[in-house]
Amino acid sequence: MLEYAYLIPLVPAICFVIVGLFGKKTPEGGGYIAILGSIISCILSIAVSYEYLTGKLYSTGRSFEMSVEWLTVAGFKINFGIYVDILSCAMMFFASLISMLIFIYSLGYMKGEGERKRRYYAEVSLFLTGMLGLVVSSNFLEMFIFWEIMGLCSYLLIGFWSFDNPDAQQKSSAAKKAFLVTRLGDVCLMGGLFILLYVFHTLDYTAIFGRRFFSDSIFYLGKMSINHYLLFIALFLILGGAVGKSAQFPLHDWLPDAMAGPTTVSALIHAATMVKAGVYLLARTSPLFIICHRGNMALIIVAGIGAITAFFAATMALNNMNIKKVLAYSTLSQLGYMFLGLGTGSFLIWYGFYTISFGVLGLGAIVYFAAVFHMFNHAFFKALLFLGSGSVIHSCGTEDMRLMGGLVKKMRTTAVTMLVGALSISGFPLLSGFWSKDMILEAALVTGEYLYYVFTIFYILGMAAAFMTAFYMFRMWFMTFSGEPRENAQHCHGESPSVMTFPLYILAAFAMFSGVVVIYALDSVWQTWFGTNDILEIVLTSKWTPISVMVALVGIFVADLMYRMRVVNPGWFNRNGKGIIYRILADRYHIPQLYDYISWKIGYGVACIVDYFDRNVVDGVVNGLSNVVIGNADVAKKMETGYVRDYTLLVAVGVFVLVLTLFAVVKGVI
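Please read all numbers here as calculations on a predicted model, not as lab measurements. (Residues numbered from 1 in each chain as written. Predicted model: local features only at pLDDT ≥ 70, side-chain atom pairs only at ≥ 80, totals over all residues. Heavy atoms only, no water.)

Asks: I keep staring at the overall build of the protein and nothing clicks. Help me out?
Replies: Secondary structure summary: the protein contains 27 helices and 2 strands in total. Taken along the three principal axes of its C-alpha coordinates, the protein extends 110 × 65 × 50 Å. Here the protein holds 670 residues, and the buried ones make up 56% of them. In the protein, once contacts between residues fewer than 6 apart in sequence are set aside, the share between residues at least 24 apart is 81%. In the structure as shown, the protein presents an accessible area of about 29,300 Å², 69% of it carried by carbon and sulfur atoms. (Helix = DSSP H or I, 4+ residues; strand = E, 2+ residues; numbered from the N terminus. Buried < 20%, exposed > 50% of the residue type's maximum accessible area, 1.4 Å probe, protein only. Contact = heavy atoms within 4.5 Å. Areas by Shrake-Rupley, 256 points an atom, 1.4 Å probe, with all protein chains shown as cover.)

Okay, here's the thing in structure tokens:
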């Protein structure tokens, strides 16, 4: 099955073509075709992952690669193929499974969209193609192509309601904002790939990450025969690409506005595709950060960006009244945890290699796994929460939580499954979100305690974000499902249809049990590789674990006091919406205004310079050449008189000049 991994992205690509051409003639605008393609991709992903994980390649730490020569440019050969390793298996599994559930859910949620359903199902199929193609790509250039396909699809889907909608202008602006901000990161990534090609003379994963490259020199990283200065620059540019795609500070502001699209699109972007691509890119390139002579500086910056984003985004969710935007800010915060985990884990591996400390090296490997594990867990509970919010919006007709309340009686399935998702993302013990988040935070604390104190600051920011996460998630749940029904909730038409609730059950099961299952598997892996599971036991049974659990429980309790029991009046803290801090959070720290200011003062100025250069230099050269040609043509045209005597004169003059020239050459004059 490994040899057929190329079918995983190819099947939804074929569905995109079929739905786009013939969707009008099929039921649900091609929805069943899109679902069938996602089911086939999911089955293929499971089969490929099973064969890889149970075969000799995984047991010996090797990857599967199959490629053909694609093109040769200036002596550089670029291949096109597939690449499967443990990271690819994890990504393709949750991306295909969650996308399949979202497509099924869309049959109910998008039922009233009429002929526009064809466009929707075609675009989400192409979106899935981009994510799966990115995951199984065998080199950075191939990955970048699918990366851009996802960027295009995100623009189209975020702006899906840009036509025939009362808020069309706002939704169109949100789509353009997402496109432009992520393009900024994409330009950085493209520049980084150019430098990587120059440094390694290839972009193939097997050539860059293979045993031949690392063997005999991994413990002498500073003496490797590569340009570490250029590699360092390339890594920073690649980090810029990851920051833009995964909406990390300071390029984070596009993601809350991306809620302008359908809720199913929000679930795709936040859970299964798009923002996870940036985390995947960092996870894929982490070996390059580790071998770079100054990679520790870059990794500290990665961890710092993650910690700041986790805290920063969580604060903006504290007083937001839009149920989808609360979830959007939680996505930003959870992606920050992933960056923190990847930065911390890779830094520990870097330190372990340089100091030849196998204990630190093993701990770094666990933390790196925890970051990827959190990405895996987050995909399920965030898809659950977004689809749950879509069920509420579908029944109530609003996204404003102030108009909800008391829905637990009318929408019990949605309420219970969203409660599981809220507990999981809050880090409630034994649920999936608890395991990975706790491992990341404790690793940051240990790193700060024994190596670099700055990681202690990252730990404090992460713990503060954990408290706020528990608070705002249960604030959302209590405002939506508890208390007395408010305006829109009074007219709620009840639970969503079964085609929308069925995916909620599946995702809730993963949000509850995926952590325990994977942790058990991880224990076996460490027992096999190292002959001991002491490192894992130290991480999981640390004395700091009760603190993180207590922080989450306190956050839930405070939300309960304010929004269910009504013992504490939230208005006392925000001065009924007039407090300074409240306004700052509501205005998103004025970052959208800062974006606008930079765009007008810098972007507009650059655009004017480019426009002047285009009109006066580029067009001037083109128009000048045109005028020269036209002028010469006018002169030549005057010579065409139609009289034989004029032509005879020209021939005579030509012969005279030719003879004179030959005479001068013979005499040595010229």
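So much for the structure itself; the text now carries on.
Asks: I'm lost on the packing of aromatic side chains in this one. Help?
Replies: Centre-to-centre distance and the angle between the planes together describe a pair of aromatic rings. This structure, assessed with the given rule, holds 30 aromatic pairs. Seen in terms of ring centroids, Tyr120 and Phe160 are 5.9 Å apart; in terms of plane orientation they differ by 75°. Their pairing is edge-to-face. Here Phe160 lies in the loop between helix H6 (140-158) and helix H7 (168-200) and Tyr120 lies in helix H5 (residues 116-136), a separation of 40 residues in the sequence. Ring-pair connections join several aromatic residues into one group, and the members of that group are Phe347, Trp350, Tyr354, Tyr452, Phe455 and Phe458. A cation over a ring is seen here: Arg183 above Phe179, with NZ or CZ 4.4 Å from the ring centre. The aromatic ring of Tyr205 is capped on one face by Arg284, whose charged end is 5.2 Å from the ring centroid. (Phe/Tyr/Trp six-rings, centres within 6.5 Å; stacked < 30°, edge-to-face > 60°. Lys NZ or Arg CZ within 6 Å of the ring centre and 35° of its normal.)

Asks: Looking at this structure, how should I read the pattern of salt bridges?
Replies: Close approach of charged atoms allows side chains with opposite charge to pair. The final tally for this structure, using the stated rule, is 15 salt bridges. A salt bridge links Asp257 to Lys177; its shortest N-O distance comes to 2.8 Å. On the criterion of sequence distance, the pair formed by Asp257 in helix H11 (residues 254-257) and Lys177 in helix H7 is long-range, its members being 80 residues apart. Residue Asp257 is classed as buried on the basis of its relative accessible area, which comes to 17%. Between Asp400 and Arg402 there is a salt bridge, with its nearest N and O atoms 3.0 Å apart. (Salt bridge = Lys/Arg side-chain N within 4 Å of Asp/Glu carboxyl O.)

Asks: When you look at the packing of helix H4 (residues 86-109) against H5 in this model, what are you seeing that I'm missing?
Replies: Two numbers describe a pair of packed helices, the interaxial angle and the distance between the axes. One can describe the packing of H4 onto H5 by two numbers: an axis separation of 9 Å at closest approach and a directional angle of 170°. On the basis of the axis angle, H4 is roughly antiparallel to H5. Mapping the contact onto sequence places Ser88, Met91, Met92, Ala95, Ser96, Ser99, Phe103, Ser106 and Leu107 in H4 and Tyr120, Tyr121, Val124, Ser125, Leu128, Met131, Leu132, Val135 and Val136 in H5. Here the contact of H4 with H5 is composed, by residue class, of 13 nonpolar, 5 polar and no charged. (Axes fitted to C-alpha atoms, helices over the stretch in contact; angles between N-to-C directions. Parallel < 35°, antiparallel > 145°, perpendicular 65-115°, else oblique. Nonpolar A, V, L, I, M, F, W, Y, C, P; charged D, E, K, R; others polar.)

Asks: Teacher, can you tell me more about the nonpolar core here?
Replies: General note: in soluble globular proteins, nonpolar side chains tend to be found buried as a group. The biggest cluster of nonpolar side chains holds 209 residues, and the ones touching the most others in it are Ile98, Phe140, Leu196 and Trp254. Here the element with the most residues in this core is helix H16 (residues 358-396); it accounts for 19 residues. Here Leu196 is in contact with Phe140, His201, Thr202, Leu203, Leu231, Ala234, Ile238 and Leu288, once residues within four sequence places are set aside. (Core = buried A, V, L, I, M, F, W, Y, C linked by side-chain atoms within 4.5 Å.)

Asks: It is not clear to me how the side chain of Gln334 should be interpreted in this structure. Could you clarify?
Replies: Mapped onto the elements, Gln334 comes out in helix H15 (residues 323-355). What makes Gln334 buried here is its relative accessible area of 0%. Setting aside anything within four residues of it in sequence, one finds Gln334 in contact with His374, His378, Ile425, Lys437 and Thr469.

Asks: Explain unusual backbone geometry here, please?
Replies: Most peptide bonds are trans, and most residues other than glycine sit at a negative phi. Residue Pro250 is bonded to the preceding Phe249 through a cis peptide linkage, with omega at 5°. Here Pro250 shows up in the loop between helix H10 (228-245) and H11. We note that Ala247 has phi near 55°; this positive angle belongs to a residue other than glycine. Of note in the backbone geometry, His590 takes a positive phi value of approximately 60° without being a glycine. Take His590: it is sitting in the loop between helix H25 (580-586) and helix H26 (591-639).

Asks: Whenever I open this one, the side chain of Lys324 confuses me. Can you help?
Replies: Secondary-structure assignment places Lys324 in helix H15. Non-local contacts of Lys324, meaning those with residues more than four positions away in its chain, are made with Met259, Gly261, Pro262, Thr263, Ser266, Phe386, Ser389, Ile393 and Glu399.

Asks: So what exactly am I meant to see when it comes to the packing of helix H1 (residues 7-22) against H5 here?
Replies: Their axes nearest at 8 Å, the elements H1 and H5 cross at an angle of 160°. Taken together, the axes of H1 and H5 lie roughly antiparallel to each other. Between H1 and H5 the crossing geometry is left-handed. For the pair H1 and H5, the contacting residues are Ile8, Pro9, Pro12, Ala13, Cys15, Phe16, Val19, Gly20 and Leu21 in the first and Arg118, Tyr121, Ala122, Ser125, Leu126, Leu128, Thr129, Leu132, Gly133 and Val136 in the second. (Left-handed = near helix turned anticlockwise from the far one by under 90°.)

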